[in-house]
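Geometric and topological summary
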Amino acid sequence: MELKWDVPVFRPLIPSKLPSLPLLLMLVLSLCLFSPTKCLDLDPDDKSSLLCFNSSVQDPNRSLATWVGANCTNWTGISCENRTGRVVSVNLANMNLSGKVLPCLCNLSFLEYLNLSGNNFNGTIPTCFGSLASLKTIDLSHNSFSGVLPDNITRLGQLRELVLNGNRQLGGDLPWWIGNFSSNLEKLDLSSNSFNGEMPDSLFHLKSLRHLDLGDNYISGNVHEFYQSLEFLGLASNKLFGTLPCFSASTKSLTVLTLANNSLVGGIPTCIASLEALAHLNLSFNHLSYGISPRLVFTEKLLVLDLSFNDLSGPLPGKIAEATEKSGLVLLDLSHNRFSGKVPLKITELKSLQALFLSHNLLTGEIPARIGNLTYLQVVDLSHNSLSGSIPLDIVGCFQLLALILNNNNLSGEIQPELDALDSLKILDVSHNKISGEIPLTLAGLKSLEVVDLSSNNLSGMLNDAITKWLNLKYLSLAHNKFSGNLPSWLFTFEAIQVIDFSGNKFSGFIPDGNFNISFRSNNGNSVRDPKVPFISVKSIEIKVSAMVIDTSELSFTFKVSSMVGIDLSDNLLRGEIPNVLFEVEGLEYLNLSYNYLDGQLPSLEKMSNLRALDLSHNSLSGQIPGNISTLKDLILLNLSYNSFSGSVPVNQGYRRFPGAFAGNPDLCVESSGEGCERGSPPAEPGKTFEEVEGPILVWVFCVSAFVSFYLGVVGLFCSARARSYILQTKV
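Residues numbered from 1 in each chain as written. Predicted model: local features only at pLDDT ≥ 70, side-chain atom pairs only at ≥ 80, totals over all residues. Heavy atoms only, no water.

Turning our eyes to something else, we now look at the overall build of the chain. Check the secondary structure of the chain and you find five helices and 50 strands. The buried share among the 732 residues of the chain stands at 53%. As displayed, the chain offers around 31100 Å² of accessible surface, 52% of which is attributable to carbon and sulfur atoms. (Helix = DSSP H or I, 4+ residues; strand = E, 2+ residues; numbered from the N terminus. Buried < 20%, exposed > 50% of the residue type's maximum accessible area, 1.4 Å probe, protein only. Areas by Shrake-Rupley, 256 points an atom, 1.4 Å probe, with all protein chains shown as cover.)

See the structure below:
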């Protein structure tokens, strides 16, 4: 407890009041006696060592500006021993410091705690750290240290915690001595570095070890049993192989076990369920196979279970974990396996469940109506299965739902008006099903929607104003349905919109000539993409789902949408001229208006500085081809074929890199490198009708099913960010 003193304010001394001076000295003396740290002088030798260390440190935030004078308590991050003034603790975490760590820091011979984490220190770890015999904790995590782990650390026999994670250039062979240099070592964290080789046998027998994290390295070898009572074991994202051991020595202690993103084979042994304290288990991204035994039932302490991206088969387990009203699983991910059969009703009894991922399996039957019992559910992903029936109306019982992802199934029926009760919903994806009917007007109540994908169904009717209430909309796809009528004037006015795809419908009339909102114009803050990356590889929308475990039982989700910014109105019945304002939207990266009945002339493209793909083929556009496009450096795909363009296209205007872009324009002269010019070439496949040909961007750009796979993982506990398409951050 820190004592706070109310120090009286003294008036200036007057000669007539000199006898009061002893009273002042007594007050100061008593202040030092009752709170000795307030007047503790820093040892002169340690002060010199710290100033020497500071001389090489870049400190833009001036965090160490307090390193003046002799009073130890005034020095930021420094703690001293009460009687001697010797420095025992240096804690400079997260101060935006950089530079090299000079050996003079090793002159702090009484140092017990050293924490330089969360900065940008570089160079090698000083070998002289081995001379700090009193050290109990070293934390150099999340810096830019490089090289290898110095052997001198073997002299630190009192060390309890060695934390070096997050130094990508730090690596080499995992030292053979790492498990036997200190019999007091309780925590070893070398994750997110570049260590390779096998784990030394001594590491499996170090009795004091409680926390071991070697995840996100290049460590190889067989997975062994550990013979100490571990509480945390992180070996994710390495090159480990073999079968899963039972971890029998940690039956009562192990709370976190992550072996994700390795090459484990075989089945999941039932003995894993005997880990009584287990709260987080991640075995995703391995080669685990066979079915899950009915005897594999975890305790109610298990919060997160991730078995995704394996080769597990058979029916989904009827009971995977014990559950009570106040405890049990909050995240269950069995996606990307080969599970078959129906979704078991027992899953709907996991009352604490907040995230359910069963996508990319072979599941059949209907979605259980009792899914509405999961009142804490926030994300459900049942996509890429063979589920049938309709969307159960009871799902409105999941009133906290943020993401409903049911794409690529055999669902039928209509979108029920009652779904407006899910007023927290951010993501609605029911694409690639057999859903019919119209968009209910009541869905105007879903004002939190950010991503809506209703594509590839049998929906029909005209667009209603319910959509205008989705003020946070970023992605809207109604592609490949049977919608009709005129395009509404509000189509391009959403403030956050990035993608609009209405292709493959029966929309008619004119393209709205309204104002385009800021998200289209500014590219929505998207980073510049490498123009060398093939266009086909960057089309699909990417949505990241972040989650944080709060108070060990509650998930908090964050959604981030990142995609190409574009508009696709292709394969409809649109007519008239293309609004000039459409070619002044600087943020657009692709535009597809092919297979319509558009006419008029094409204005200049030079203002579309971010344009990567433009398809206006199979229309009735006429007039001259716009001037020089050599300034559009990112343009990868251009298709103006099968129109009525005329005139000539000079060889020096940047069009030569798009062969075939002008086919089917018989009155157009395309200059070649030689003399004369070439007329618009004939169709590549004579006889192919308008209805039979798909626009090239339709095939590539809007593979919408690619964006709706949402995967959660635990950062540090689960597999690394480089291996997962989702992030789950957790506090343990």
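Time to look at the pairing of strand β18 (residues 263-266). The pairing of strand β16 (residues 239-242) with β18 spans two bridges and is classified as parallel. Each bridged residue has a counterpart across the sheet, and for Gly242 the counterpart in β18 is Leu264. Across two bridges, β18 lies against strand β20 (residues 287-290) in parallel orientation. Within β20, the residue paired with Gly266 across the bridge is Leu288. (Pairing = 2+ DSSP bridges.)

The pairing of β20 with strand β22 (residues 311-315) spans two bridges and is parallel. Within β22, the residue paired with Ser289 across the bridge is Asp311.

Here we have eight strands laid out as an open sheet, ordered β30-β32-β34-β36-β40-β42-β44-β46, and parallel in their pairing. Looking along the sheet, the strands with just one partner apiece sit at the ends: β30 (436-437) and β46 (644-645).

Below, the discussion takes up the state of the cysteines. Tallied over the full model, the rule gives four disulfides. One disulfide in the model links Cys106 with Cys128; its S-S distance is 1.9 Å. On the sign convention where negative means left-handed, the S-S torsion of about 60° between Cys106 and Cys128 marks this disulfide as right-handed. Of this pair, Cys106 sits in the loop between β4 (98-100) and β5 (113-115) while Cys128 sits in the loop between β6 (120-124) and β7 (137-139), and the two are 22 residues apart along the sequence. Both residues of the pair, Cys106 and Cys128, belong to the buried class. Here Cys246 connects covalently by a disulfide to Cys271, the sulfurs 1.9 Å from one another. When the S-S torsion is -80°, as for the bridge of Cys246 with Cys271, the disulfide is left-handed. Highlighted residues: Cys246 in the loop between β16 and β17 (256-258) and Cys271 in the loop between β18 and β19 (280-282), separated in sequence by 25 residues. Owing to a relative accessible area of 24%, Cys246 belongs among the partly exposed residues under this scheme. (Disulfide = S-S within 2.5 Å.)

Pairs can form between side chains of opposite charge whenever their charged atoms are close. Per the stated rule, a full pass over the model turns up 11 salt bridges. Here Glu450 makes a salt bridge to Lys426, at a shortest N to O gap of 3.4 Å. With a gap of 24 residues between them, Glu450 in the loop between β30 and β31 (451-453) and Lys426 in the loop between β28 (403-405) and β29 (427-429) connect regions that are remote in the sequence. Classification of Glu450 by relative accessible area gives buried; the value is 11%. Connected through salt bridges with shared partners, the residues Asp43, Asp46 and Arg86 form a single ionic network. (Salt bridge = Lys/Arg side-chain N within 4 Å of Asp/Glu carboxyl O.)

With that settled, the discussion passes to the environment of Ile125. Along the chain, Ile125 falls in the loop between β6 and β7. Judged by its relative accessible area of 4%, Ile125 is buried. Sequence separation between Ile125 and Leu170 is 45 residues; the distance between their C-alpha atoms is 9.1 Å. Among residues more than four places away in sequence, those in contact with Ile125 are Leu140, Phe145, Ser146, Leu149, Pro150, Leu164 and Leu170. (Contact = heavy atoms within 4.5 Å.)

A separate point is the side chain of Ser63. If you trace the backbone, Ser63 turns up in the loop between β1 (57-58) and β2 (78-80). We classify Ser63 as buried; its relative accessible area is 19%. Not counting residues within four places of it along the chain, the set of residues in contact with Ser63 comprises Thr76 and Met95.

The next point concerns the packing of aromatic side chains. To describe a pair of aromatic rings, one takes the distance between the centres and the angle between the planes. Following the criterion strictly, the structure yields 10 aromatic pairs and no others. Ring geometry for Phe285 against Phe309: centres 4.1 Å apart, planes inclined by 10°, an arrangement best described as stacked. Of this pair, Phe285 sits in the loop between β19 and β20 while Phe309 sits in the loop between β21 (304-306) and β22; the two residues are 24 residues apart in sequence, bridging distant segments of the chain. Here Phe309 falls in the partly exposed class, since its relative accessible area comes to 22%. An aromatic cluster is built from Phe53, Trp67, Trp75 and Phe121, whose rings are joined through pairwise contacts. (Phe/Tyr/Trp six-rings, centres within 6.5 Å; stacked < 30°, edge-to-face > 60°.)

Now for the confidence of the model for the chain. When pLDDT is averaged across the chain, the result is 84; 80% of the residues are at 70 or more. Below a pLDDT of 50 lies the segment residues 524-539, which in the model reaches 31 contacts outside its immediate sequence neighbourhood of four places, other chains included. Counting interchain partners and residues more than four positions distant, the pLDDT-below-50 stretch residues 683-732 has 170 contacts. (pLDDT = per-residue confidence, 0-100.)

This paragraph deals with helix α2 (residues 44-54). Every α-helix carries 3.6 residues per turn, so stepping three or four residues along brings you back to the same face. Listing the buried residues of α2 in full gives Asp46, Ser49, Leu50 and Phe53. Taken around the axis of α2, the buried residues stretch over an arc of 95°, which confines them to a single face. Looking at the packing, one finds that the buried side of α2 touches β1, β2, β3 (87-91) and β6. Between a side-chain oxygen at the N-terminus of α2 and the backbone nitrogen of Asp45 the separation is 3.0 Å; the capping residue is Asp43. (Arc of directions from axis to C-beta. Polar contact = N/O pair within 3.5 Å; in protein donor to acceptor, adjacent residues only side chain to side chain.)

To continue, consider the nonpolar core. The nonpolar side chains of a soluble globular protein tend to be buried, and buried together. Core analysis: the largest hydrophobic core is formed by 174 residues, its most contacted members being Leu50, Leu162, Met199, Phe247, Phe298, Phe502 and Leu569. The residues contacting Leu50, other than those within four sequence positions of it, are Leu42, Trp67, Trp75, Ile78, Val87, Val90, Leu105 and Leu108. (Core = buried A, V, L, I, M, F, W, Y, C linked by side-chain atoms within 4.5 Å.)

Glancing now at unusual backbone geometry. Even without a glycine there, the phi angle at Ser237 is positive, about 55°. Looking at the secondary structure, you find Ser237 in the loop between β15 (232-234) and β16. The buried category is assigned to Ser237, whose relative accessible area is 2%.

Glancing now at the environment of Leu259. In this structure, Leu259 sits in the loop between β17 and β18. As for Leu259 and Leu233, which are separated by 26 residues in sequence, their C-alpha atoms are 8.4 Å apart. Setting aside residues no more than four positions away along its own chain, Leu259 makes contact with Leu235, Ala236, Leu240, Leu244, Phe247, Leu264, Asn282, Leu283 and Asn286.

Along the polypeptide, Asp429 turns up in strand β29. Of the buried charged residues, Asp429 lacks a salt bridge, with Lys474 as the closest side chain of opposite charge at 16 Å. A distance of 2.8 Å separates a polar atom in the side chain of Asp429 from a polar atom in the side chain of Ser431. (Lys, Arg positive; Asp, Glu negative; His and termini not counted.)

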